[in-house]
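This is what each chain is made of:
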Amino acid sequence: MLNVQSALPVNIPAPSAAPKPELRRAFGRFATGIAIITTLDDQGRPYGLTINSFVSVSMEPPMISWNVIRGSTAHQTISRTGRFVVNVLAKNQRELAQKMTGPIEHRFVSVPYHSSTSGLPVLHDTLATFECDVHSMIAAGDHDIVLGTVQQFTHRDGRPLVYWQGAYATAMACDGDH
Ligand SMILES: Cc1cc2nc3c(=O)[nH]c(=O)nc-3n(C[C@H](O)[C@H](O)[C@H](O)COP(=O)(O)O)c2cc1C
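Residues numbered from 1 in each chain as written. Predicted model: local features only at pLDDT ≥ 70, side-chain atom pairs only at ≥ 80, totals over all residues.

(A) A look at the overall build of the protein. The helix and strand inventory of the protein stands at 5 helices and 12 strands. Burial status across the protein gives 26% buried among its 178 residues. Partitioning the intrachain contacts of the protein with sequence separation of at least 6 by distance along the chain shows that 63% fall at a separation of at least 24. (Helix = DSSP H or I, 4+ residues; strand = E, 2+ residues; numbered from the N terminus. Buried ≥ 20, exposed ≤ 12 C-beta atoms within 10 Å, placed from the backbone. Contact = placed C-beta atoms within 7 Å.)

What follows is the structure, given as structure tokens:
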């Protein structure tokens, strides 16, 4: 039976006036997958970061997007390289997700990957990969929206790693909650 009390929306002031933790909690009500963006830095070393802002955008031409924090190493690296791989994580890859938000010099230590035909690092055992060229980077507040044109992709069956309410989860664990 529906719990009417908890189904009532919580009224929060307009975003500009809302305290940031509340806005973060509100955004976090939307469950996402987790992906790792990989590319090469300007010295040719593998670079990666964990994201949850991946979105499929267009079928023809095939395009995807994700958001990158302005002023970050990630932003600088993607702007310079102009290409990247989206690696969609499986449910058993939580540690990898955590590693790719840690110190940059440790992110690829003991991480299995190979180089794509165009030389970009592709992580192993993921659910899907999309090798992309940067189409454009669109300013959006404190982030840029990175639009990518998909050049190559792979995928396989399996359960995803999920991010919901500020924590990692799996699709199984979400079933029947609330
Ligand atoms: C669950 C999760 C999701 C994230 N999603 C994004 C994202 O969509 N875009 C982004 O720029 N950073 C995102 N981050 C933060 C980056 O992973 C983090 O800033 C990373 O350490 C990049 O740091 P760097 O620019 O110093 O390499 C996320 C972090 C976590 C834990």
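On we go.
(B) Fine view of the nonpolar core. In terms of nonpolar packing, the biggest core is built from 30 residues, with Ala-35, Ile-36, Ile-37, Val-86 and Leu-89 touching the most fellow members. Counting residues per element, the ones that place at least two in this core are strand E2 (35–40), strand E3 (46–51), strand E5 (63–69), helix H3 (73–81), strand E6 (83–88), strand E9 (128–140), strand E10 (143–155) and strand E11 (161–164). It is E6 that provides the largest number of residues to this core, a total of 4 residues. Excluding anything up to four places from it in sequence, Ile-37 contacts Gly-48, Leu-49, Ile-51, Trp-66, Phe-84 and Val-86. (Core = buried A, V, L, I, M, F, W, Y, C linked by C-beta atoms within 7 Å.)

(C) Up close: H3. For H3, the set of buried residues is Ala-74, Thr-77 and Ile-78. Down the axis, H3 shows its buried residues gathered within 95 degrees of arc, on one side only. Those residues of H3 that are buried lie in contact with E2, E3, E5, E6, E9 and E10. Looking at the residues trailing H3, positive phi occurs at Gly-82, about 75 degrees. (Arc of directions from axis to C-beta.)

(D) Region of the structure containing the sheet that holds E2. Strand order in this open sheet of 7 strands is E3-E2-E6-E9-E10-E5-E4, and the pairing throughout is antiparallel. Of all the strands in the sheet, the pair left with one neighbour each is E3 and strand E4 (55–58). Sheet twist, expressed as the mean angle between neighbouring strand axes with direction ignored, is 35 degrees. Of the strands in this sheet, E2, E3, E5, E6, E9 and E10 are in contact with H3, which crosses E5 at around 140 degrees. (Pairing = 2+ DSSP bridges. Axes fitted to C-alpha atoms, helices over the stretch in contact; angles between N-to-C directions.)

(E) Local environment of the pairing of E9. Both E6 and E9 contribute to a ladder of 6 bridges, which runs antiparallel. Bridging from a neighbouring strand, Val-86 pairs with Phe-130 of E9. Across 12 bridges, the pairing between E9 and E10 is antiparallel. Among the inter-strand pairings, Ala-140 is bridged to a residue of E10, identified as His-143. A loop of 2 residues connects E9 with E10, the two strands running antiparallel in sequence, and Gly-141 in this loop sits at a positive phi of about 65 degrees.

(F) Examining the confidence of the model for the protein more closely. Confidence in the prediction of the protein, expressed as mean pLDDT, is 91, and 87% of residues score 70 or more. Per-residue pLDDT stays below 50 along residues 1–6; that stretch engages in 1 contact with residues further than four places along the chain or on separate chains. (pLDDT = per-residue confidence, 0-100.)

(G) Spatial organisation of the environment of Asp-41. Topologically, Asp-41 is positioned in the loop between E2 and E3. By the C-beta count within 10 Å, which is 14 here, Asp-41 ends up partly exposed. Distance in space between the C-alpha atoms of Asp-41 and Arg-80 is 8.2 Å, their sequence separation being 39 residues. Residues within four places of Asp-41 in sequence aside, it is in contact with Tyr-47 and Thr-77.

(H) Local environment of the environment of Val-55. Turning to its location among the elements, Val-55 is positioned in strand E4. Residues Val-55 and Leu-147, spaced 92 residues apart in sequence, show a C-alpha to C-alpha distance of 9.6 Å.

(I) Quick look at the sheet that holds strand E1 (residues 32–33). On the basis of which strands lie adjacent, the open sheet formed by 3 strands has the order E1-E11-E12 and antiparallel pairing. Among the strands making up the open sheet, the edge pair consists of E1 and strand E12 (167–170). Examined bridge by bridge, E11 and E12 share 4 bridges and lie antiparallel to one another. Pairing of Leu-161 across the sheet is with Thr-170, part of E12.

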